[in-house]
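A closer look at the structure
One letter stands for each residue in the lines below.
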Amino acid sequence: MLPEASTLAPAVDRIFWGLVGLSVVIMGVVGGLVLTFAIKYRRGTKAYRGPLPDIMSREVEIGWTVATLFVALFIFWWAAAAQLPHFLLPKKALEIHVVAKQWMWKVQHPEGVREIDALHVPVGVPVKLEMTSQDVIHSFGVPAFRIKQDVLPGRYTSTWFEAKEVGDYHLFCTEYCGTDHARMTGTITVMEPEAYARWLAEQPHGEDLAGEGAQLFTALGCSACHGAQARVPAPSLANLYGSQVVLADGSRVTADEDYLRESIERPEAKVTAGYPSTMPSYQGIASEEQVVALVAYIKSQDGKRSQAR
Amino acid sequence: MRSDDTGLLAREPGETSYLTEGTTLRSWLLSTDHKRIAILYAISITGFFFIGGAAATMIRLELFTPQGDFTTADEYNRLFTLHGVIMVWFFLVPSIPATLGNFLLPLMVGAKDVAFPRLNLMSWYLYIIAGIFTLTALLLGGVDTGWTFYTPLSTLYSNSYVLLAAFGIFVVGFSSIATGINFIATVHLLRTKGMTWMRLPLFAWAMYATSLVMVLATPVLAMAMLLICAERLFGLPIFDPRAGGDPVLFQHIFWFYSHPAVYIMILPAMGVVSEIIACEARRRVFGYQFMVYAMLVIAVIGFLVWGHHMFVAGQSPFASMIFSFLSFVIAVPSAIKVFNWTGTLYRGSIRFSAPMLYALGFVGLFTLGGLTGLFLASIPVDVHLSDTYFVVAHFHYIMVGGAVSAFFGGLHFWWPKITGRMYSESFARFAAITLFFGFNFTFFPQFILGYLGMPRRYHEYPPEFQVWNVMSSTGAVVLAIGYLMPLGYFAYSLLNGKRASDNPWEATGLEWTTNSPPPKHNFLEPPVVLTEPYAYHDWDEAPGGADETTQDEPA
């Protein structure tokens, strides 16, 4: 049987098996009635075949219509209510960046450790996945966790899970993505927190994501305009993440990951009020992973976090 | 030539039918007779059905083992794309409407032909032209995008013959629109004297509801396909995220057609089954009016549930909630129909003919298909099951277990009317039972595979899934035998079958009041309708009330 390896899994399975039970009952009733009638009223038997009793008319129709509607709405409420908590991403979570491409999964831990087609996570810790694709649509599906989320090019999508059983689980790409779709698989390894810490320490460490972003910030020339000493008029990036930005057309957007990413790749799309639209596009100059690192750096540039650094 | 004494053309001297009016190829290819066009369609969709079936056979062969040993990854991807494209657009969508619908709708409403006979012929030519485009794409090397053509894979990344196939689908859409327009106009304008709306057979109502969906939804498919062509050919950035496009937009447009398309496939099946069950149980359809309203409600709400294909595609949670809610609502009219078919059997006098076996099989398979739809409408369960074999099993229960079973049932039921010949009843019953078991054997294991997490469109899979795949592939052999059998006994029936009487099942409905096969203009005199539909009860004629004895006709 499929393991229930995440905190979400039992809730999903409860609804799944509840629906199985309901289906068995309905199939039993419909199948039983069809069989009974088929035997009792097969041609040639002496069963009574006169007009239907008066009660078998509109009242019965209205009765079973309302009853079915009630059952349907109950299941809707039950399933939707179970999903609501999962829509909210946990505030404190281990944040893992995932970049999908034909046909591999590239994973970055916040400490800078990278993996391909594999993800190591500690048990009992909420893990948030920030995902994007370099080419076509992929989907990050882990049956043992009952999670699945499409990974889109040009956008970030996210999902989360909290593993509750140590072990190795399948990761499947569950959106058809071309030739080697069936080979775009991987393994999620859930470890005890100490083992995870040991594993992390053993991995070759690059700079952490934000640090890598800081280097790129200079290397790609961003600092020439957005840096603290820059003399060119460009919006400051300090405290930008999560704030409200007023745009040239007067509208407001929240500076989330998608906004930051779009402004790096297509700066002309949402121009900050009061600044000329002079920034060049970094599309094709910064790779998908570099954009992820830059966004991580900009996110780290808020008062509280930079004090802590 | 009329005295020719063998085969289809043999009739009593002096008697003519639509089959004997002209025997040249030209008299068929340029015919505007709805009955002949139905035959043209029937032959063409049978061809496509076996092409799509051959692809399915190879898919099941490949999945017999976990390794990709029978086909390469690319070949496999082209096979399931071919299977989907052919089966959906060149078989399922036209199956019942363009063959049985074309043949029967004018007969059922008491008309000489459809409202626009030449448009009807054009629709068949469009279908053939579209088929040629799609088959060319196939012969050149195939398409590897899946029948869903998701962007940006289809527009920017695929190196296969997407343009040709997409254009073929664009064209075939117009053939369904033409059929839809024809049927709507026919039902509105050509009902004979006394044929009021509430006297229409449920099959005619089903054709009407289906036509509404065809006419309103198919243009959106045309848009989707044109936009794909525009982005592939001219680089028009509609779906390309690097140029500000939105790849998910395509899914919205595509499913706005493709979900209603499911109802294009299943509503006609519901109509067929209603006719067969009423006749073979000798009962008026239980809750006739509710059956009509249920079909219309399905046709309308069917337009509002497309987002349930996109619960994991990154759409807003609020949208997902609403689509989930509406998907549960649409389950209600479908359930009502199942209850009413069951109720129709109550106090009936049931004969287990081949069409009835297909119809009862339909009720069971459709019910299971519908119930598993509830799983996929529940957001958390759908997240787990989407893009797994559970989905594959679910829609095959609806489209194959449901629509194809009903199509076969209808084909058997009206075969004597269409060809004027009877078929071997025992072979036909045997085929119906083989199909039912073969179908369950093939597709039920896929529900389990899906729950265990096996993704669709995988030609290689982890070994723990093998046992269920072997079961499924074995069942497919039985299923294939079930599908091939009718070819044999129908061919025999055409050549040597016993003459059919005008009304071999003693059914009600205007189509049974004319000759088998019908004359060129359907009726010698315009018929007049005096009774309610499905007047199968003997006490209706004797106003004295219920008669406790049963009236059994020798079959």
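As recorded in an unreviewed UniProt entry, chain B goes by the name Cytochrome c oxidase subunit 1, listed as coming from Sphingomonas chungangi. Looking at chain B in UniProt, the text filed under Pathway (unreviewed entry) is "Energy metabolism; oxidative phosphorylation." Its UniProt record, at the heading Catalytic activity (unreviewed entry), says of chain B: "4 Fe(II)-[cytochrome c] + O2 + 8 H(+)(in) = 4 Fe(III)-[cytochrome c] + 2 H2O + 4 H(+)(out)".

Taking an unreviewed UniProt entry as the reference, chain A is identified by name as cytochrome-c oxidase belonging to Sphingomonas chungangi. According to the UniProt record, the Sequence similarities (unreviewed entry) comment for chain A is "Belongs to the cytochrome c oxidase subunit 2 family." Chain A has a UniProt comment under Function (unreviewed entry) that states "Subunits I and II form the functional core of the enzyme complex. Electrons originating in cytochrome c are transferred via heme a and Cu(A) to the binuclear center formed by heme a3 and Cu(B)."

1. Some points on the overall build of chain B
Across its full length, chain B holds 16 helices and 0 strands. The C-alpha atoms of chain B give 23 Å as radius of gyration, which agrees with the globular expectation for 555 residues (24 Å, within 12%). Within chain B, the proportion of its 555 residues that are buried is 65%. Restricting to contacts in chain B with at least 6 residues of sequence separation, those with at least 24 account for 82%. Of the roughly 18900 Å² that chain B leaves accessible, carbon and sulfur atoms contribute 69%. When the 28 positive and 34 negative side-chain charges of chain B are each reduced to one mean point, those points stand 7 Å apart.

2. Details of the pattern of salt bridges
Two side chains of opposite charge can pair, provided their charged atoms sit close to one another. The final tally for this structure, using the stated rule, is 19 salt bridges over all chains. For Asp 240 of chain B, the salt bridge goes to Arg 242 of chain B, with nearest N and O atoms at 3.6 Å. A residue is classified by how much of its surface remains accessible, and Asp 240 of chain B, at 12% relative accessible area, is buried. Assessed through its relative accessible area of 45%, Arg 242 of chain B is described here as partly exposed. Between Arg 351 of chain B and Glu 280 of chain B there is a salt bridge whose closest N-O contact spans 2.9 Å. On the criterion of sequence distance, the pair formed by Arg 351 of chain B in the loop between helix H10 (317-345) and helix H11 (354-377) and Glu 280 of chain B in helix H8 (residues 247-280) is long-range, its members being 71 residues apart. Judged by its relative accessible area of 14%, Arg 351 of chain B is buried. Judged by relative accessible area, which is 0%, Glu 280 of chain B ranks as buried. Among the charged side chains, a network of salt bridges with common partners joins Glu 95, Lys 128, Glu 130, Glu 257 and Lys 299 of chain A.

3. Here's the deal with the pairing of strand E6 (residues 138-142) of chain A
Residues and elements named next belong to chain A. In terms of residue burial, E6 counts as a mostly covered element, since 5 of its 5 residues are buried. The alternating pattern of E6 places His 138, Phe 140 and Val 142 on one face and Ser 139 and Gly 141 on the opposite face, and all of these are buried. Following E6, the chain reverses through 4 residues before pairing antiparallel with strand E7 (residues 147-151); Arg 146 in that reversal takes a positive phi of roughly 60 degrees.

4. With respect to the UniProt feature "transmembrane region" (unreviewed entry) in chain A
Using the residue numbers shown here, the UniProt feature "transmembrane region" (unreviewed entry) corresponds to residues 15-39 and 60-80 of chain A. With 100% helix and 0% strand, residues 60-80 of chain A has end C-alpha atoms that lie 30 Å from one another.

5. Quick look at the packing of aromatic side chains
Summed over the entire model, instances satisfying the criterion amount to 71 aromatic pairs over all chains. Pairing Phe 74 of chain A with Trp 78 of chain A gives two aromatic rings, centres 6.2 Å apart and planes at 20 degrees, and the pair type is stacked. Pair noted here: Phe 74 of chain A and Trp 78 of chain A are both in helix H2 (residues 58-87), with a separation of 4 residues, about one helical turn. Ring-pair connections join several aromatic residues into one group, and the members of that group are Phe 16 and Trp 17 of chain A together with Phe 375, Phe 390, Tyr 397, Phe 439, Phe 443, Phe 444, Phe 447 and Tyr 451 of chain B. Above the ring of Tyr 156 of chain A, the side-chain terminus of Arg 261 of chain A is found at 5.2 Å from the ring centroid. When the ring centre of Trp 28 of chain B is taken as reference, the NZ or CZ atom of Arg 36 of chain B above it lies at 4.1 Å.

6. As for the sheet that holds strand E4 (residues 118-122) of chain A
Residues and elements named next belong to chain A. Taken in spatial order, the 5 strands of this open sheet run E4-E10-E9-E6-E7, and their pairing is mixed. Bordering the open sheet on either side are E4 and E7, each of which pairs with just one other strand. Geometrically, the sheet is characterised by an average inter-axis angle of 20 degrees between neighbouring strands, direction not taken into account. Strand direction decides the pairing type here: E6 and E7, joined by 5 bridges, are antiparallel. For Gly 141, the partnering residue across the bridge sits in E7 and is Lys 148. Strands E4 and strand E10 (185-191) of the sheet are contacted by helix H3 (residues 193-202), whose axis makes an angle of about 130 degrees with E4.

What counts, and where the lines are drawn
- Residues numbered from 1 in each chain as written.
- Chains lettered and ligands numbered in written order.
- Predicted model: local features only at pLDDT ≥ 70, side-chain atom pairs only at ≥ 80, totals over all residues.
- Heavy atoms only, no water.
- UniProt positions renumbered as here; feature names shortened; annotations may be inferred.
- Helix = DSSP H or I, 4+ residues; strand = E, 2+ residues; numbered from the N terminus.
- Rg over C-alpha atoms; globule rule 2.2 N^0.38 Å.
- Buried < 20%, exposed > 50% of the residue type's maximum accessible area, 1.4 Å probe, protein only.
- Contact = heavy atoms within 4.5 Å.
- Areas by Shrake-Rupley, 256 points an atom, 1.4 Å probe, with all protein chains shown as cover.
- Lys, Arg positive; Asp, Glu negative; His and termini not counted.
- Charge placed at Lys NZ, Arg CZ, Asp CG, Glu CD.
- Salt bridge = Lys/Arg side-chain N within 4 Å of Asp/Glu carboxyl O.
- Pairing = 2+ DSSP bridges.
- Phe/Tyr/Trp six-rings, centres within 6.5 Å; stacked < 30°, edge-to-face > 60°.
- Lys NZ or Arg CZ within 6 Å of the ring centre and 35° of its normal.
- Axes fitted to C-alpha atoms, helices over the stretch in contact; angles between N-to-C directions.

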